[in-house]
2 protein chains.
Amino acid sequence: MEEQSFKTGIAVLDTSLFVNPDVRASFGENPTEALENFLFMAAQVPIFEFYMPPSIFRELQNFIEPAKIPADLLVYIHQKSPKKHEIMVPGILLYELVEDIRDRVNKGLRLAERAVRTAEGKSADDVIQDLRRKYREALREGIIDSKEDVDLILLAKELDGLLVTADQGAIKWADKMGVKWLIPERFKEYMHALIKKSKYLADSKQVEEG
Amino acid sequence: MEEQSFKTGIAVLDTSLFVNPDVRASFGENPTEALENFLFMAAQVPIFEFYMPPSIFRELQNFIEPAKIPADLLVYIHQKSPKKHEIMVPGILLYELVEDIRDRVNKGLRLAERAVRTAEGKSADDVIQDLRRKYREALREGIIDSKEDVDLILLAKELDGLLVTADQGAIKWADKMGVKWLIPERFKEYMHALIKKSKYLADSKQVEEG
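Notes on the structure in this doc start here. Sequence positions are assigned chain by chain, starting from 1 and proceeding in written order. The order in which chains are written sets their letters, starting at A; the order in which ligands are written sets their numbers, starting at 1. The predicted nature of this model means local features are confined to residues of pLDDT at least 70 and side-chain atom pairs, given and counted, to a pLDDT of 80 or more, with totals for whole chains, interfaces and linings taken over all residues. Heavy atoms from the whole structure form the basis of all side-chain values; hydrogens and water molecules are not counted.

## Re the overall build of chain A
Test applied: Strands here are runs of E lasting at least two residues and helices are runs of H or I lasting at least four, both read from the DSSP assignment and numbered beginning at the N terminus. Radius of gyration here is computed from C-alpha atoms only, and the compact-globule reference equals 2.2 Å multiplied by the residue count raised to the power 0.38. Only protein chains enter the calculation, and the probe is 1.4 Å; a residue is then buried if its accessible area is under 20% of its type maximum, exposed if over 50%, and partly exposed in between.
A tally of regular secondary structure across chain A gives 10 helices and 6 strands. Computed over the C-alpha atoms, the radius of gyration of chain A is 21 Å, more than 25% above the 17 Å expected from 2.2 N^0.38 for a compact globule of 210 residues. Judged by the C-alpha coordinates and their principal axes, chain A covers about 80 × 40 × 25 Å. Looking at chain A as a whole, 48% of its 210 residues are labelled buried.

## Notes on the pattern of salt bridges
The criterion, for reference: Each salt bridge in this description consists of a side-chain nitrogen of Lys or Arg and a carboxyl oxygen of Asp or Glu lying within 4 Å of one another.
What the rule picks out here adds up to 26 salt bridges over all chains. A salt bridge links Arg133(A) to Glu137(A), with the nearest nitrogen and oxygen atoms 3.7 Å apart. Within this pair, Arg133(A) and its partner Glu137(A) are both found in helix H7 (residues 124-140), separated by 4 residues, close to a single helical turn. Accessibility expressed as a relative area gives 44% for Arg133(A), which makes it partly exposed. The exposure class assigned to Glu137(A) is partly exposed, which follows from its relative accessible area of 42%. For Arg104(B), the salt bridge is made with Asp100(B), and the minimal N-O distance between the two is 3.0 Å. Of the two residues, Arg104(B) and Asp100(B) are both situated in helix H6 (residues 92-118); the distance of 4 residues between them amounts to about one turn of the helix. The pair formed by Arg104(B) and Asp100(B) is uniform in burial state, with each residue classed as buried. One continuous salt-bridge network, built from bridges that share partners, spans Asp130(A), Arg133(A), Lys134(A) and Glu137(A).

## Digging into the layout of surface pockets
The condition is simple: In this analysis, the protein atoms alone were mapped onto a 1 Å grid. Cavities are point sets where a 1.4 Å probe fits without being able to get out; pockets are open sets with protein on both sides within 12 Å along at least five of seven lines; lining residues have an atom within 4 Å of a point. Grid points are joined across faces, edges and corners, and a volume is the space filled by probe spheres set on the points. Under the convention adopted here, Pro, Cys and the residues Ala, Val, Leu, Ile, Met, Phe, Trp and Tyr are nonpolar, Asp, Glu, Lys and Arg are charged, and Gly plus all remaining residues are polar.
What the largest pocket holds in volume is close to 250 Å³. As for the largest pocket, its lining consists of 13 residues, of which Asp14(B), Thr15(B), Glu59(B), Asp149(B) and Asp167(B) are closest to the centre. Looking at the lining of the largest pocket element by element, the count peaks at 3 residues for helix H8 (residues 147-159) of chain B. Of the residues belonging to the lining of the largest pocket, the class tally is 3 nonpolar, 4 polar and 6 charged. Contributing to the lining of the second largest pocket are 14 residues, with Ala119(A), Glu120(A), Ala119(B), Glu120(B) and Gly121(B) lying nearest its centre. For the lining of the second largest pocket, the secondary-structure elements that each account for two or more residues are helix H6 (92-118) of chain A together with H6 of chain B.

## Quick word on the sheet that holds strand E5 (residues 162-164) of chain A
Residue and element names in this part refer to chain A. Note the following rule: Pairing between strands is defined by DSSP: at least two bridges between them are needed. The criterion used for residue contact is that any of the two residues' heavy atoms lie within 4.5 Å. Each axis is a line fitted through C-alpha atoms, taken for helices only over the stretch in contact, and angles between the N-to-C directions span 0 to 180 degrees.
Across the sheet, 5 strands lie side by side as E3-E2-E1-E5-E6; this open sheet has parallel pairing. Among the strands making up the open sheet, the edge pair consists of strand E3 (77-79) and strand E6 (181-182). Bridging between strand E2 (residues 48-52) and E3 involves 3 bridges; their strand directions are parallel. From the neighbouring strand, Met52 faces E3, where its bridge partner is Gln79. Each of strand E1 (9-13), E2 and E5 touches helix H8 (residues 147-159); the most contacted strand, E1, lies at about 175 degrees to it.

## Some words on the relation of the copies chain B and chain A
This is how it is decided: When the copies are superposed, the least-squares fit takes in the C-alpha atoms of residues with a pLDDT of at least 70 in both.
The transform that puts chain B on chain A rotates by 180 degrees and translates by 0.0 Å along the axis, for an RMSD of 0.0 Å. Seen this way, the second copy is the image of the first under a two-fold rotation axis.

## A closer look at helix H10 (residues 187-209) of chain A
Residue and element names in this part refer to chain A. Stated precisely, the cut-off is as follows: Working rule for helices: expected span equals 1.5 Å times residues minus one.
Relative to the 33 Å expected for 23 residues at 1.5 Å per residue, H10 spans 32 Å between its end C-alpha atoms, a close match to the ideal helical length. Considered for burial, the residues of H10 that qualify are Phe187, Met191, Leu194, Ile195 and Ser198. Where H10 is buried, its residues contact E1, helix H1 (16-19), helix H3 (31-42), E2, E5 and E6.

## Some thoughts on the packing of aromatic side chains
Put simply, the rule is: What counts as a ring pair is set by centres within 6.5 Å for rings of Phe, Tyr and Trp (its six-membered ring), and what kind of pair is set by the plane angle: stacked under 30 degrees, edge-to-face over 60, tilted for all other angles. Geometrically, a charge over a ring is one whose NZ (Lys) or CZ (Arg) sits within 6 Å of the ring centre while staying within 35 degrees of the ring normal.
One pass over the full model with this rule turns up 16 aromatic pairs over all chains. Ring plane angle 75 degrees and centroid distance 6.0 Å describe the contact between Phe48(A) and Tyr190(A), whose orientation is recorded as edge-to-face. Of this pair, Phe48(A) sits in strand E2 while Tyr190(A) sits in helix H10, and the two are 142 residues apart along the sequence. Between Phe187(A) and Tyr190(A), the aromatic rings sit 6.0 Å apart at their centres with planes inclined by 15 degrees, giving stacked as the arrangement. Of the two residues, Phe187(A) and Tyr190(A) are both situated in helix H10; the distance of 3 residues between them amounts to about one turn of the helix. Above the plane of the ring of Tyr95(A) lies Lys84(B), whose end atom (NZ or CZ) is 5.3 Å from the centre.

## A word on the interface of chain B and chain A
Rule in force here: Summed over both partners, the accessible area lost on bringing two parts together, with a 1.4 Å probe, is the buried area. For the purposes of these results, a polar contact is taken to be a pair of N or O atoms within 3.5 Å, where, inside protein, one atom must be able to donate a hydrogen and its partner to accept one; residues adjacent in sequence count only when each atom of the pair is a side-chain atom.
The interface of chain B with chain A comprises 45 residues on the first partner and 45 residues on the second. In this assembly, chain B packs against chain A so that about 4,300 Å² is buried in total across both faces, 71% of it on carbon and sulfur atoms. At the boundary of chain B with chain A, the tally comes to 4 salt bridges. Where Arg132(A) meets Glu113(B), a salt bridge forms, and the shortest distance between an N and an O atom there is 2.6 Å. Scanning the region where chain B abuts chain A turns up 18 residue pairs in polar contact (both at pLDDT 80 or more). The set of elements that each furnish at least two residues to the side of chain B that touches chain A consists of strand E4 (88-90), H6, helix H7 (124-140), H8 and helix H9 (168-177) of chain B. The dominant element in the side of chain B that touches chain A, judged by the number of residues it contributes, is H6(B), at 17 residues.

Everything listed here is a matter of geometry and, on its own, says nothing about what the molecule does.
Here's what the structure looks like:
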């Protein structure tokens, strides 16, 4: 158990790291390659633990070819849900969520009204397609709007981990809760720095023991 | 401070008690009269304390004639906000709120789509009026959707009080949090029972002291 003294951190990973084309580019051409490359790097970082909520892992599985992911590397991403019945959050967050939703719901109604007004003489299908896009944008952007988002934030809080996500809603809530976060664009560099640090620590340990 | 031993409870009051016509009927013809009558009864119940969040009190003031409320009776309703930065709620509630909202947001979009489809050949104003009503119903019913609702629930939780409200959203959340609640329709009887209990306790105290 001597290695325990080397543990310096925990990261909680969102799918965007592997799925979002802008983000995963540094890791690989496609989600499977990005995940393989990440796992290869993670294996060289004994000082860090990587977590992913099972709900997020399920999302990721829609994008990767399971056969191509070596099982022995999969041990480097721990799957764990937050202790959602035990972990406590301050009541003020309920206000913020409720106010946030209220604003968005009103915005949704205004969009719907505008769609009705512009519908005349146009194809209903076109109007609806346009409405759907605008409505989803207005109601989801910058807000935690899914079980998966809450999983990410609460798990990072519980583990005092670094949340790696491109989701603006999750980042906003990480800030409300004092959770560390990192944009995925910088994560490959971060991994390289961790590998360097791991090697340095291992070398100095050998010197000590030698 | 001997009277402290008599304190057997706290109630947190919503405006519906005085404002909602179906509910306040037992207390009075109009909100002002209902409040006056309630205060008259509250003065006879030293074993109970009555609280109202300031946000709810402000709502109530839109319905009553301030000049008609005797100031000495107003001491029987304490105005206090919950300690929203200190009070903690379990993380699971964030999931429930987020899921609840997600369902409603989707329902709102379906209503908007239906409005666009039925708009042809009708007056846009009529379609919008109908949409507004349905949208508000779908998105607000049975959900905590305002700062005022959160104030009520968190204050009742903080004080371990009895929440008196007709709001279905607040009742649903009181149940999630293990907060006691009572429908306002039964509250006048409840007050009568409290008056009886207060008198009984006062009498038995006199006997003891005599």
